[in-house]
Each structure stands twice: as structure tokens, then as C-alpha cells.
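Each chain, written out:
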Amino acid sequence: MSRYNPKEAEPKWQARWQAAGAFNAGTGSGKPKYYVLEMFPYPSGRIHIGHVRNYAMGDVIARYKKAAGFNVLHPMGWDAFGMPAENAAMQTGSHPRDWTYSNIDIMRSQLKQMGLSIDWSREFATCDPEYYVHQQRLFLAFWKHGFAYRKESSVNWDPVDNTVLANEQVIDGKGWRSGAAVERRKLSQWFLKITDAADDLLAALDDGRLAGWPDNVRTMQRNWIGKSNGLAMKFRFAAATTVEEGANTNAPPSGFEDGIEIFTTRPDTLFGASFIAIAPDHPLAMHYAEHDSDLRDFISDCQKLGTSEEVIEKAEKRGHKLNVEMSHPFDDRRLPVYVANFVLMQYGTGAIFGCPSGDQRDLDFAHKYGLAIPPVVLPPEADAKTFKIETEAYTGPGTLFNSGFLDGMTTEEAIAAATAKIEDMGLGKGMTQYRLRDWGVSRQRYWGCPIPAIHCEQCGIVAVPAADLPVRLPAEADFSEPGNPLDRHPTWKHVSCPNCGGKARRETDTFDTFVDSSWYFARFAAPDPDKPIDKGAADYWMPVDQYIGGVEHAILHLLYARYFTRMMKACGYLSVDEPFANLFTQGMVVHETYRDEADEWLLPEEVVIEKGAARRADNGAPVSIGPIEKMSKSKKNVVSPEAIAETYGADAARWFMLSDSPPERDVEWTDSGVEGAWKLINRIWDAVSPAEGLLKNVDLSNPAADDADKPLRQTTHATIAGVTDDIENFRFNKAIARIYEFMNALKKNAASSDWARAEALSALTQLAAPFTPHLAEECWETLGGEGLVCNAPWPQADPELLARDSVILGLQVNGKRRGELEVAADADNEAVEKAALSDEAVKRHIEGKTVRKVVVVPGRIVNIVAN
RNA sequence: GCGGACGUGGCGGAACCGGUAGACGCAACAGACUUAAAAUCUGUCGAGGGUAACCUCGUGGGGGUUCGAGUCCCCCCGUCCGCACCA
């Protein structure tokens, strides 16, 4: 018996697949199409085992669908623009382009080593000018269609490095490199009008267009879009109450003659209002800050928080009281006005009314500043005389009280009544508001797709003419300091205006990398040298039938891609509005983290662990074991697939990544796990290799099994049915468990006929093929199968062999298991009940008791209730 | 803080629609083979009690619904993902 040698077999089969063009997709076949896509990788350096898991999942689906008779498209490429390349340039002096392409070369060969069934002829990187030229074309089309515009928005500004910081580069309010306190600064930037599509993006989540998406992702997107119906209304300045020194105190500031416009989803609680709060960057706050240095200090404090919603929400609720008051629309109360750090300028109107009894943040704020807390909503079952708000706001529905004309109404009625009243008074209007904001796509960086626009002193902003595309990045740039190398490039930005020929400058911002990944799936399917998309091919392949990626992309990437697809459709490039028919979000591969005494991260291979204590492999120094975390380059808790492939082969790595843990859950890499996979590979080989040529000696299309073969044949067909169902439903871990069970059964039924063994072994080979494709080819060749197993049609289960003659039922007395009972599969309930009651164990437990009830669940259980 | 998930033996996990908890794998232990080790094969393997047949407990914690709860409901604890310039 020969030993299976993956080091020989794996490259051999990879070469044969390539020679046969086994995975190159065309549109010509009469088969139904199936487009499988895993989220393409960022070329960070080397692939790690987490990539292997992701791509192995897609590969199982792709290979299975191909066998099941589909014309499969399974492409691969690189999400190649982004900050790490630029950071590397600053640290090591390597050019982002060289760094990126050399990473791609390494990662491509690593991926090829994994034996994925990819159509490599379609490969591209988003940093290829041949790709981004089309992105620039798309952008110009979108701009023309009115989907793109410019407006001011806030960015994190590092005042020492003079550069814009990403949220992740802001650590505790400080720049990661300079350590300087970060400020918020306004920049004029490009935006795409995703809010115009909000309604349709929302509707598609529920109208069946995304029926193939997981519920949690749809829920997250629904909440992110955040449609809410509410009331936009103005609170007027109370007359002659402003006593601010040196200012025109009696008149409202110009632009605010009508008061402050707020947005609320709870107009029913208007009588519970005790203050008005506006965002620190609200124009009114800016206005008062001109003459109020305390307010200026407060605002600049707020701005040091950075721009991320997370830090703003987590920060202690603080406010700065303005020297003005607003009148309540329904009574003669006057409400103080605060500039408050928890009010967001981007949402609604940037101003709210605070109702402490009905909102936890408002309540915390009211306690802090000693404001009134009038309760206005009485929860069901509560007593108006005793009901009190103390430390918890009541946000649920109820009956209005202390609320004038709203008293006695339900929350719902009161919302309608208050809205109508405000509308009658001419103070406001009911409206729909979205939490979703327009998509800012400008980035002040070099390593991104240039935005094809020119700023002309005479003509304003002008599109780069189609003939001048692509706008290429300058080959050389200065990465020695932070900031945007394009902006400080000596020549690149100086151009003449395509309109008037006058002096002009290029847009020096590049696109957000989410733009690159918002249409790559269409380019894979339908490349065209002259146009972004070959519409005929796109109409054939789109949408992606199965998209696979991490749940961390549940909102941004997936929402942007959905919106981009709508824009592409509107501009005539595509015919679908949803890019991904089915979505699967897989879990991450996690690993323990290690640090040495100097607090430096260590690779797992640099650490030895004995009896729970970790030491350095080289010098034995103690190592502290950190939490199990997502594998990341920065924390060095990565496992290289190459080393695994060297020792055990790609099949073992693939098998282990898909066994054990359910694909949607995180999986921890363990060395013993991959050893187990290696053992299984040898068990399969040991089962198959003695049966050399077996398929040549029997005719599987002509059943020639006898009765003695029935147990093995039943197992074979149950396994075919089970594995097929498991793959269809992304239960790879269960499919693998079934293959193990099949292996065990094969051994128990070693005495079966050649025909039944041939059937079993060919099924085993084919069922394992999507998981361990190289091994399967080797097995297929040994058995004498025709052609490549990757081209063989998927085995079919015979329904007659799936039928069971008898079933074993659990016997319960008062809900506790007391025994079991084997009955014919078609036994009627009466017979089952009778047999159950005469069971010895049951008799013992009902002795001296009266049987009150017998519950028979056919095929499952019998429960006897007795007391 | 807000939104979304998850929590089952020593470990990864299985348990379909509320119906026999722990499939399958890993580790461990015992045995076979071997001069020996590795590999391989066979067996045991949730906890406690009992010579045994069996009994009791057990799915993060606390309540509830049900003939029956890992599964449904309420509250709590812990971990992970996202929060718009990481990809």
C-alpha cells in the first residue's frame, strides 16, 4: 500500500486542472450559470489561514455547483488600494505600488497552492490603471446623472502632522503617530447621494429581493438606514430674554428669526420638554461662540473627541448653557438652550428638544444640570399618582398625562395630534428622516483611484474629458512625511482647464477604497477593454449567486455595493439592482496572542507551550498568553498556510478549516486539528488505494448488488443525500462529520461485494472532492474513474435506499427518558402506545400511578404522563 | 452608548419545526502490534452515587410557559462584530 504524498500530488493536479482549463468560465454553454464570489482580499503581505477558510468555503460551493451541472464563474482579484501601502512607504521607503504588487505576487502563489477552482484569467487588482480607468468613467457617468456632489464635512485633523486621520488612527483623541490632540476640521469633499436610494435599499431588504441574505445582516442594514417618521419643528426665541453682554440680545441671530428647528420622533412628549440642545458644530453654536470664549472652549473640547459616532456616544454627556431661552409652543414655559456634546449635527437638524422622562440621555443630562423632569407618558398598569421617573427614563408606549390637550391619548394618538397641532400653528411639518448619511468618497491620500475632476478658477469644477482618462497616479511621489503626497507633488496637479484652457489644478483627493470594491464583482463577470462593463456578459452572469465574506462587512461594503449597483443600472451598465442574490457571512479564524517580556508580539511558531505555560522557542524566556483574537498581522497571531501545506498539504489545511466549527462561527486554529485532518486524508487514501482499477471492472450504471450489500448501500446513499444537503446549506462541518461516519461504516462493511464497494468508494471520492480536491483526483485516478473528478457529475442518492424500515423512539415517563422502543416506521400511534406501556422500564416507573395521558410523536418520542 | 450575534463535556462542536442532550472529530486513558518509539488498529471517555440492573444532577446565571425546553418568553452575566476615513 503506497503512502499518499501531497507534495507530489498537489502540484501535479493543479497543473492538470490548468492544462485542461477546468475552471475557465465562458458564457457559451447551455448550462445554467452560477457565480460564486468570495470577498476579494486586501494584499497585506501573505495570506493567513483565515483567508484559506474563506476561499475554501467558496471553493466547496464552486466545485459542488460545477459537478451539479452549473456553468460556474469563480474569479479572484485584489482590493489593492489603501492606507497600509502608504504607511509602509513612510516606514520603509518602498513605493506603495511596488509593495502592493509584490504582495500580490506572493499571495497569488499562496492561493494557487491551495488548489482553488478559480478562473485566474479574470484576475485584476483595483490599483491597475486598466481597472481604475473604468472606475473614473463610472464616476463621471454618476456625476452627470447627478449622483455626485460636493459639500463640506468634518474630518479628524492632526495639527502636528498636518494630515487627515482615519478613525482607527485616532487613539484616545490623539493622533497615532504624532500623539497630538486631534481636532475636527471641515473640508470640501465629494459625496454620493446614497440617501436618495435609502427607500429602495430599505424596501429590497424586505420585499424578497434579498431573500437569500441572512436575517441578521438585513436587520443591521435596516437599522443602519434608520428610517424614522417624525416632526421637524421650530422653537421660537422667547421675547426679550437674552441678556448676553455686548450682543444684540433681544433679536434672534440672523438666519434664526423663526427659531431653532429641531427633529423629533416623539412629538407626543412635547409637554415633557425641559430644554433644547444643539450640536457643537450647529451654526447657532458657532454664532454665539463668536462672543463667548467659554463656549469656544467647550466647542473645541467637543471637537477633540474626533468624528466617530462611537466616541461621541460613549463620552460623558456634557452641555454648555446659552444665555437664551426658547418658548414652548403649547404653554408659557421657557426652555433653556444648551450646546450639548451628544447631539449630532449630521442627524436630523442638529438640534433636539430634551424630554428627560422619555429619553435616557436627556434624563442623565437633566440630572447633571438640575433640569425639570416632568413625566408625560404613563406606562400601562402604572398609577398616575405614584408613577415617578428616577434613574430610568420610560421610553415605551403608554397614556399621556400632564400634557394639556394630549391627556388621555395613547402614544400613537398623541404623536398624530401633536404633529397636526404643530402643523396648524405653522411651526413645523411631519417628515421622514434617515439615519443614513450620504457617502463621502474623498480621501486625502496617494494610494487610491484619482478622482477625475479639475478645479478651474474660471469654470469651477470640471470633469476630466473622457479622452484624457485614465487620470493616472504620478509614478513618483514623496512619502517622507505625512499628508497627501498628491497635493504636494511638484507637477502632477498643475493642469490647464479642459473647458477654457486657463490655469487649473487637479483634484488631489482619491477615492475611498470602498468605491473600488463596490463594482469589482461586475468587472470580474463582464470585463471589456473599452467600457467598465460588457453589458451582455453582465446580463448573463449577474447577480452573484453566492457571495461569501466576513460579517464585519455586513453594513458598509454591502450597502455601498448595493447602492453602486443601482447607480450602474440607472446609467445603463447593468440590468439588476441587487448585486448579491445569496449572502453567507463566515466567522473569523482566531488564535491566542503572545507577548514577550519586552511586550513585543510573537508569532505562534516562536512560542512553545508546555503545561499551560508559554516560553520563547529560541531562548526560553517567559511569554504571556493574551486573549484569543482575530488573526491580524499587527498582533502576529497568524498561522501561515504555507507551513501547513509543506507539512500536511493544502487539502489538510482546507479540510481542517471546514471541519469542526460551523462556518458562520469563529474558529480557533489548533495544531492538533490539522493533524486530525491529515489522519483522515490517509484513512481515505488507505480505503481507496487497495481498490485500484475497481471502477474499470464494474458497471455502476447497471446495479449488481445483492441483499448482503444493503447496509453499505443504504449508508452510501444516506451519505450522498446528507452531504449534498449540508453543502447546499453551508453546513460544511456536518458534511465532514458525515464523511467520517461513512469511513467508519465502510470499515464495518468490508465484506460487501465489489459492486457495492465500487459504488461506495466512488461516492466517497466525489463527496470529498470539493473539500480535498487533490486527494480526490488521486483517488479517482486510482479507482479508474473517467477523466477528472472535478468534471464528473455529482452522485445522486436513490430514494428507495433512503427509506428506513424501522425507527427507534425515546420512551419518557413524565418527561424523563426511561428507555427506547424500536417500531416499524409506519406503525400507527395506537400500536406504539400499547408497546410503550408494556415496556419493562416504563412499567416500573408507572407502577402504583395512574396514566393520565400518553403523548405519541411519530418517529420521535412517546411520553407517558402518570401520577 | 447604540445596533447585530454568540455562550452545550478537558477542547471544537451535533441535536432539523419544542421531542432520546453530547453525533463526528481532537485530547486523554487502557489494550494490540513493535526490541523500542512513532504511525496504525481495538476499546473507554459529562459529573456524582451504586457490586449491579439502575438512580440523581447537567446546555453561562435566575425566573416562566409546556406532557416535554439547549431550543420559546422575561431579567441578568460574559465574549465577539459594526458604528460611516481600517479593509
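Residues numbered from 1 in each chain as written. Chains lettered and ligands numbered in written order. Predicted model: local features only at pLDDT ≥ 70, side-chain atom pairs only at ≥ 80, totals over all residues. Heavy atoms only, no water.

S.K.: I'd like to hear about the sheet that holds strand E2 (residues 71–73), residue by residue, with values.
M.R.: Across the sheet, which stays open at both edges, the four strands sit in the order E2-E1-E24-E25 with parallel pairing between neighbours. The two strands at the open ends of the sheet, each matched to only one other strand, are E2 and strand E25 (583–586). Going from strand to strand, the sheet's axes swing by 20° on average, the running direction of each strand aside. Across three bridges, strand E1 (residues 33–38) lies against strand E24 (residues 546–550) in parallel orientation. Paired with valine 36 across the bridge in E24 is glutamine 546. (Pairing = 2+ DSSP bridges. Helix = DSSP H or I, 4+ residues; strand = E, 2+ residues; numbered from the N terminus. Axes fitted to C-alpha atoms, helices over the stretch in contact; angles between N-to-C directions.)

S.K.: An account of the protein's contact with RNA strand B is needed here, citing residue identities and associated values.
M.R.: In the region of RNA strand B, 69 residues are neighbours, and Arg445, Lys734, Glu741, Ile808 and Asn863 sit closest. The sugar and phosphate moieties of RNA strand B supply 67% of its atoms located within 4 Å of the protein. Interatomic distance of 3.0 Å between a side-chain N/O atom of serine 661 and a sugar or linking oxygen of RNA strand B. Taking isoleucine 808, its main chain carries an N or O atom lying 2.7 Å from a base oxygen of RNA strand B. For the surface near RNA strand B, the element with the most residues is helix H22 (residues 732–748), which contributes seven residues. Here the surface near RNA strand B is composed, by residue class, of 22 nonpolar, 22 polar and 25 charged. (Near = heavy atom within 4 Å. Polar contact = N/O pair within 3.5 Å; in protein donor to acceptor, adjacent residues only side chain to side chain. Nonpolar A, V, L, I, M, F, W, Y, C, P; charged D, E, K, R; others polar.)

S.K.: Describe the packing of aromatic side chains, and please don't skip the residues or the numbers.
M.R.: Tallied over the full model, the rule gives 45 aromatic pairs. Seen from their ring centres, phenylalanine 365 and tyrosine 369 are 4.8 Å apart, and the 50° between their planes marks the pair as tilted. Taken together, the residues phenylalanine 365 and tyrosine 369, both in helix H11 (residues 360–369) and four residues apart, mark about one turn of the helix. With a relative accessible area of 0%, phenylalanine 365 lands in the buried category. Of the residues examined, tyrosine 369 reaches a relative accessible area of 27% and is grouped as partly exposed. Where tyrosine 540 meets tryptophan 541, the ring centres are 4.7 Å apart and the plane angle is 85°; that geometry is what we call edge-to-face. Feature note: the residues Phe40, Phe124, Tyr131, Trp519, Tyr520, Phe521, Phe524, Tyr547 and Phe580 constitute an aromatic cluster, connected by ring pairs. (Phe/Tyr/Trp six-rings, centres within 6.5 Å; stacked < 30°, edge-to-face > 60°. Buried < 20%, exposed > 50% of the residue type's maximum accessible area, 1.4 Å probe, protein only.)

S.K.: Report on the pattern of salt bridges, specifying residues and quantitative values.
M.R.: Throughout the structure, instances matching the rule amount to 45 salt bridges. Among the ionic pairs, arginine 184 bridges to aspartate 281, the shortest N-O distance being 3.6 Å. Of this pair, arginine 184 sits in strand E7 (residues 183–192) while aspartate 281 sits in the loop between strand E10 (275–278) and helix H8 (283–289), placing them 97 residues apart in sequence. Residue arginine 184 is classed as buried on the basis of its relative accessible area, which comes to 15%. (Salt bridge = Lys/Arg side-chain N within 4 Å of Asp/Glu carboxyl O.)

S.K.: Let's hear about the side chain of asparagine 341: which residues, and what values?
M.R.: Within the element layout of this structure, asparagine 341 appears in the loop between strand E12 (334–340) and strand E13 (351–354). From its side chain, asparagine 341 meets the backbone nitrogen of arginine 318 in a polar contact 2.9 Å long. Setting aside residues no more than four positions away along its own chain, asparagine 341 makes contact with Pro280, Phe298, Cys302, Ile312, Ala315, Glu316, Lys317 and Arg318. (Contact = heavy atoms within 4.5 Å.)

S.K.: I'd like a description of helix H17 (residues 641–648), backed by residues and values.
M.R.: For H17, the complete set of buried residues consists of Pro641, Ile644, Ala645 and Tyr648. Burial along H17 is one-sided: seen end-on, the buried residues are contained in an arc of 100°. In this structure, the buried residues of H17 make contact with helix H1 (6–20), helix H2 (49–67), helix H4 (96–113), helix H18 (650–658) and helix H19 (671–688). Glycine 649 sits one or two positions beyond H17 and adopts a positive phi of about 95°. (Arc of directions from axis to C-beta.)

S.K.: Which residues make up the pairing of strand E9 (residues 260–264), and what are the values?
M.R.: Burial within E9 is extensive, with four of its five residues counted as buried. As paired strands, strand E8 (residues 228–235) and E9 are joined by five bridges and run antiparallel to one another. The residue of E9 that forms the bridge with lysine 234 is glutamate 261.

S.K.: Summarise empty space enclosed by the protein; cite the residues concerned and give the values.
M.R.: This model, assessed by the stated rule, comprises two cavities of 30 Å³ or more. Reported here for the largest cavity is a volume of approximately 190 Å³. Residue lining of the largest cavity: 19 residues in total, with Asn87, Met90, Thr163, Arg177 and Arg445 positioned closest to the centre. The dominant element in the lining of the largest cavity, judged by the number of residues it contributes, is helix H3 (residues 83–92), at four residues. In this model, the second largest cavity occupies a volume close to 80 Å³. In this structure, the second largest cavity is lined by Arg63, Ala67, Gln766, Ala769, Pro770, Val789, Cys790, Ala792 and Trp794. Looking at the lining of the second largest cavity residue by residue, the class counts come to seven nonpolar, one polar and one charged. (1 Å grid on protein atoms, 1.4 Å probe; cavity = no way out; pocket = protein on both sides within 12 Å on 5 of 7 lines; lining within 4 Å. Points joined across faces, edges and corners; volume = space filled by probe spheres on them.)

Everything listed here is a matter of coordinates, which is why it stays silent on function.
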